Amino acid sequence: MRLDPVTLEIVGNRLTAMTEEMCLTLQRTSRSLYVKETADFCCAFAGLDGGFAAYPRGIGVSGFVGLNVLTAVEAAGPLEPGDVIITNDPYRSGGLATHLTDIQLIEPYFHEGELIGYGWAFIHCSDIGGRVPSSLSPVNDEIFQEGLQIPPVKLVRAGETVRDVETLVMANSRTPEANLGDIRAMRAALRTGRERLAGVIAQHGAPTVLDAQRDLVAYTAGKARAALASLGDGTHRFVDYLDDDAVSAVPVRLSVTATLSGGDLHLDFTGTDPQVAAAFNIATLGRTHAWITTRVLALICTLDPGIALNAGLIAPISVTTPVGSLVNPVPPAAVGVRHASANRVNDAVGGALGLAAPHVLPAASSGLVVPVVVAEQRGGRQNVQVLEPMVGGTGAREGADGVDGRDSGISNLSNNPVETVETEIGVEILTYGLRPDSGGAGRWRGGCGLELTFRVLGDGAKLLARGLERMCFRPWGVRGGGPGAPTELIVNAGTPGERRHDKIDVLELARGDVVTLLTSGAGGYGDPFTRDPEAVLRDVERGVVTREAAARAYGVVLGAGETPVVDEEATRAARERRDEVAPGGPERQAWESVFDTASVDRLVAALFRLPLAARTARRTALYTTVLAGLPARFPRTAPTAGQAERARRTLAEEIVALERAS
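None of the values given here were measured: they were computed from a predicted structure.

Trainee: Looking at this structure, I do not really get the overall build of the protein chain. What am I missing?
Mentor: When you go through the protein chain residue by residue, the secondary structure sums to 16 helices and 20 strands. Overall, the C-alpha framework of the protein chain stretches about 80 × 65 × 60 Å when taken along its three principal axes. A burial count over the protein chain gives 60% of its 662 residues as buried. If you average the places of the 64 positive and of the 78 negative side-chain charges in the protein chain, the two averages end up 2 Å apart.

Take a look at the structure:
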């Protein structure tokens, strides 16, 4: 270290406060609902190496602390005071942008002609063009369908806006005024950062600020290694699944092997499926990217709550991400719904590390983030808004239930106030609350999912709900805990016109339609029949567990009176009888009864020996052949023993044929 600890602490706190003030400036001056209310934005201060030296703790999206601005800076060419770079291109920005609706601005900060660092701001914009309103759709199969790609270019040159660039960006959006307002809010945030940094330099000097960049990151890196070292050394593997790729019925596999060694962590994604012809790919470019390390950062901050947020958090982490895989796609792969895959990476990494530290890591969270988008005509213009960013709950852990209706697994987005939603979108919110009986049963209960029900008030509205997941493969429980309830999407529930949907692209809605989204609950921890009956009673009184579920899932029988009490004798009798619970849910159990880990390892390895362009079609054809001998709703419908055996034989034959062809 070059700075003494006291100076480092003072300068570090001032830089962090600077980033938080930047965030407040952005949020208070933004135009779109998803920024000013949901808080899908952030600001930070990057050092000369492009990594974030200071990052806000209490505002904005926390998961992007591991991003790096340097590739975008270098691509934009030589910089001078007053320049501002704009980009949204995941591939050309080196993974700084993670999909096209995330607009990034970068401003170089100078002092007396010397570059000191970079201010960074991003917002999720309402629309950046593309095939559908809000730009993002799970069925897009290449990035060109997802909207305008903005390589790193100068939006502002020496303090003057480059009008041609601004005009081009605005012309390629269904919501140009909201986008322009949010971009100006980002510029205001960057100006706030520049002014506050000047104050730090005036008091402490530019050399101290430059030394602090290095020392802050190095100090955090040391603390991060110490936190990971507390888990012990070892190698652990976990596999999880996306329900499907939205263009076929075939699930998508994510495999993570976590190796802990002396405080360093290596994440190997070998065994993960090839990139898909849909929008679920994560453009990591083979780097230790935010979207595949978020779970580790949360773990480190749990083990050491006082650790500073900066690039040092990812210093102990290295990755192997096979080129052409879901977590390292080759352009022009679509990436718009990358958050769905990031959620599953989170669960898989958590599952692997949970094998190393079962008393620290929780069961699976609800595992989804669903921005519910309504697109409508309003006042002669298109109004495209995120009605609500829907999540579920957090997984239970030893000693504590999961959090109901709140999951900051990959982002810490806020919910939108009902009054604001009904003011800005032509809908009436009928229900927004916790979903009873959705949390996985356990000695410690998994967090409940949410219910959102709204009525459409106008004609010609369209619904988009990107990120719908856990509709088949449920969030898993651990150490005897049960899985959470699966996600459901229903239009006009309980009426003759009821329609149930899996993943959707653009769903046309009529005036008066009632849409209900029930998000998945999180996994439970420990044997539910050992849960304190009084805790089950409190859950029933709060309305998060029904009387029927209390008896069925926990063996707790409540008296028939208006005020429920535990019937101790009936509870003792009920707890002597129990059914076996599949911790991953019956769907996962059915799937892996045919597609076992060793066989699918061989399958994936053979696919990666094929040319990139041939993998998707060959994979889909192979699975289709095997699935033809199984029930139509498999794995939601379990196969008979004979069906499973025949399917396993077919799978083995198909793998051998694939290995010969590759």
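Trainee: How should the packing of helix α1 (residues 5–29) against helix α6 (residues 206–229) be read in this particular structure?
Mentor: Packed helices, taken two at a time, are described by the angle their axes make and the gap between the axes. Contact geometry for α1 and α6: axes closest at 10 Å, N-to-C directions at 90 degrees. As judged from the angle between their axes, α1 and α6 are roughly perpendicular. Between α1 and α6, the residues in contact are Thr7, Leu8, Val11, Gly12 and Leu15 and Thr208, Ala212, Asp215 and Leu216, respectively. The residue makeup of the contact of α1 with α6, split by class, is five nonpolar, three polar and one charged.

Trainee: Help me out: how do you make sense of the environment of Glu654 in this one?
Mentor: Position of Glu654 among the secondary structure elements: in helix α16 (residues 641–661). Sequence separation between Glu654 and Leu603 is 51 residues; the distance between their C-alpha atoms is 8.8 Å. Not counting residues up to four positions away in its chain, the partners in contact with Glu654 are Arg618, Leu622, Thr625 and Val626.

Trainee: I would appreciate a short explanation of the pattern of salt bridges in the present structure.
Mentor: Oppositely charged side chains are able to pair whenever their charged atoms sit close together. Inspection of the entire model under this criterion finds 43 salt bridges. The partner of Asp264 in a salt bridge is Arg225, and the shortest N-O contact between them spans 2.9 Å. Placement of Asp264 in strand β10 (residues 264–268) and of Arg225 in helix α6 is noted, with a sequence separation of 39 residues between them. Asp264 gets classed as partly exposed once you look at its relative accessible area, which sits at 33%. With relative accessibility at 31%, the residue Arg225 sits in the partly exposed group.

Trainee: Any chance you could explain α1 here in plain terms?
Mentor: Each α-helix winds once per 3.6 residues, and so residues spaced three or four apart point in a common direction. For α1, spanning 25 residues, the distance from its first C-alpha to its last is 36 Å, which sits close to the expected 36 Å at 1.5 Å a residue. Buried within α1 we find Leu8, Val11, Gly12, Leu15, Thr16, Met18, Thr19, Met22, Cys23, Thr25 and Leu26. The backbone nitrogen of Val6 lies 3.1 Å from a side-chain oxygen of the residue at the head of α1, namely Asp4.

Trainee: How do you make sense of unusual backbone geometry when you look at a structure like this?
Mentor: In this chain, Pro331 is followed by Pro332 through a cis amide linkage whose omega measures 15 degrees. Position of Pro332 relative to the elements: it lies in the loop between β11 (317–320) and α8 (338–356). A positive phi angle is found at Leu285, which is not glycine, with a value near 55 degrees. As for its placement among the helices and strands, Leu285 is situated in the loop between β10 and α7 (290–303).

Trainee: Mind showing me how you'd approach the pairing of strand β20 (residues 514–518) here?
Mentor: A regular strand places its side chains so that they alternate between the two faces of the sheet. Within β20, five of the five residues are buried, leaving the element largely enclosed by the surrounding structure. Here strand β15 (residues 450–456) pairs with β20 via five bridges, running antiparallel. By the bridge assignment for β20, Arg455 is matched with Val514. As paired strands, strand β17 (residues 488–491) and β20 are joined by four bridges and run antiparallel to one another. The residue bridging Ile490 from the neighbouring strand is Thr516, located in β20.

Trainee: How should I be thinking about the pairing of strand β9 (residues 252–261) in this particular structure?
Mentor: Burial within β9 is extensive, with eight of its 10 residues counted as buried. Bridge analysis of strand β8 (residues 234–242) against β9 gives nine bridges, and the strand direction is antiparallel. Among the inter-strand pairings, Leu242 is bridged to a residue of β9, identified as Val252. As paired elements, β9 and β10 share five bridges and run antiparallel to each other. Bridge pairing links Leu260 to Leu265 in β10.

Trainee: Looking at this model, I keep getting lost on the sheet that holds strand β3 (residues 84–87). Mind explaining?
Mentor: The strands that make up a sheet are held in pairs by hydrogen bonds between backbone atoms, and each pair lies either parallel or antiparallel. If you trace the seven strands from one edge of the open sheet to the other, you get β2-β1-β5-β4-β3-β6-β7, paired in antiparallel fashion. A strand with exactly one partner marks an edge of an open sheet, and here the two such strands are β2 (52–54) and β7 (160–161). Bridge count for strand β4 (residues 102–111) against strand β5 (residues 114–124) is 10 bridges, and the pairing is antiparallel. Its bridge partner being in β5, Leu105 is matched across the sheet by Ala121. Packing against the sheet, α6 makes contact with β1 (41–46), β2, β4 and β5, and its axis sits at approximately 55 degrees to β5.

Trainee: Would you explain the nonpolar core in this entry?
Mentor: Here is a general trend for soluble globular proteins: nonpolar side chains tend to be buried in one another's company. Counting residues in hydrophobic clusters, the biggest one holds 157 residues, and the most contacted among them are Leu26, Trp120, Leu267, Leu387 and Phe454. When residues in this core are grouped by element, the largest group, nine residues, is from helix α5 (residues 176–204). If near-sequence neighbours (up to four positions away) are discounted, Phe454 is found in contact with Val372, Val374, Leu387, Val427, Glu428, Ile429, Leu430, Leu463, Asp513, Val514 and Val515. Core analysis: the second largest hydrophobic core is formed by 26 residues, Val594, Phe595, Val600 and Ala647 among them.

Trainee: Before we go on, may I ask you to explain helix α4 (residues 163–171) in this structure?
Mentor: Three or more residues of α4 are buried, namely Val165, Glu166, Val169 and Met170. In a view along the axis of α4, the buried residues occupy a sector of 130 degrees, so they form one face of it. Exposed residues on α4 whose side chains face more than 90 degrees from its buried face are Asp164, Thr167, Leu168 and Ala171. Those residues of α4 that are buried are in contact with β3, β6 (153–157), β7 and α5.

Trainee: Looking at this structure, I do not really get the environment of Gly392. What am I missing?
Mentor: Within the secondary structure layout, Gly392 lies in the loop between β13 (381–390) and α9 (418–424). Once the C-alpha coordinates of Gly392 and Arg609 are considered, the two residues, 217 residues apart in sequence, prove to be 38 Å apart. If we skip the residues at most four places from it in the chain, Gly392 touches Ser366, Leu368, Gly405, Arg406, Asp407, Cys448, Gly449, Thr519 and Ser520.

Trainee: Before we go on, may I ask you to explain the side chain of Glu146 in this structure?
Mentor: In this fold, Glu146 is placed in the loop between β5 and β6. The charged side chain of Glu146 is buried without a salt bridge, its nearest counter-charge being Arg131 at 8.6 Å. Within the structure, the side chain of Glu146 is placed 3.2 Å from the backbone nitrogen of Val335, a separation counted as a polar contact.

Trainee: What exactly am I supposed to notice about the sheet that holds strand β14 (residues 427–434) here?
Mentor: With respect to topology, five strands assemble into an open sheet ordered β14-β15-β20-β17-β18, the strand pairing being antiparallel. Two strands in the sheet have a free side with no partner beyond their single neighbour: β14 and β18 (499–501). Averaged over all adjacent pairs, the angle separating strand axes in this sheet is 15 degrees, with direction ignored. With three bridges connecting them, β17 and β18 associate as antiparallel partners.

Reading the values: the criteria
Residues numbered from 1 in each chain as written. Predicted model: local features only at pLDDT ≥ 70, side-chain atom pairs only at ≥ 80, totals over all residues. Heavy atoms only, no water. Helix = DSSP H or I, 4+ residues; strand = E, 2+ residues; numbered from the N terminus. Buried < 20%, exposed > 50% of the residue type's maximum accessible area, 1.4 Å probe, protein only. Lys, Arg positive; Asp, Glu negative; His and termini not counted. Charge placed at Lys NZ, Arg CZ, Asp CG, Glu CD. Axes fitted to C-alpha atoms, helices over the stretch in contact; angles between N-to-C directions. Parallel < 35°, antiparallel > 145°, perpendicular 65-115°, else oblique. Contact = heavy atoms within 4.5 Å. Nonpolar A, V, L, I, M, F, W, Y, C, P; charged D, E, K, R; others polar. Salt bridge = Lys/Arg side-chain N within 4 Å of Asp/Glu carboxyl O. Expected span 1.5 Å × (residues − 1). Polar contact = N/O pair within 3.5 Å; in protein donor to acceptor, adjacent residues only side chain to side chain. Pairing = 2+ DSSP bridges. Core = buried A, V, L, I, M, F, W, Y, C linked by side-chain atoms within 4.5 Å. Arc of directions from axis to C-beta.

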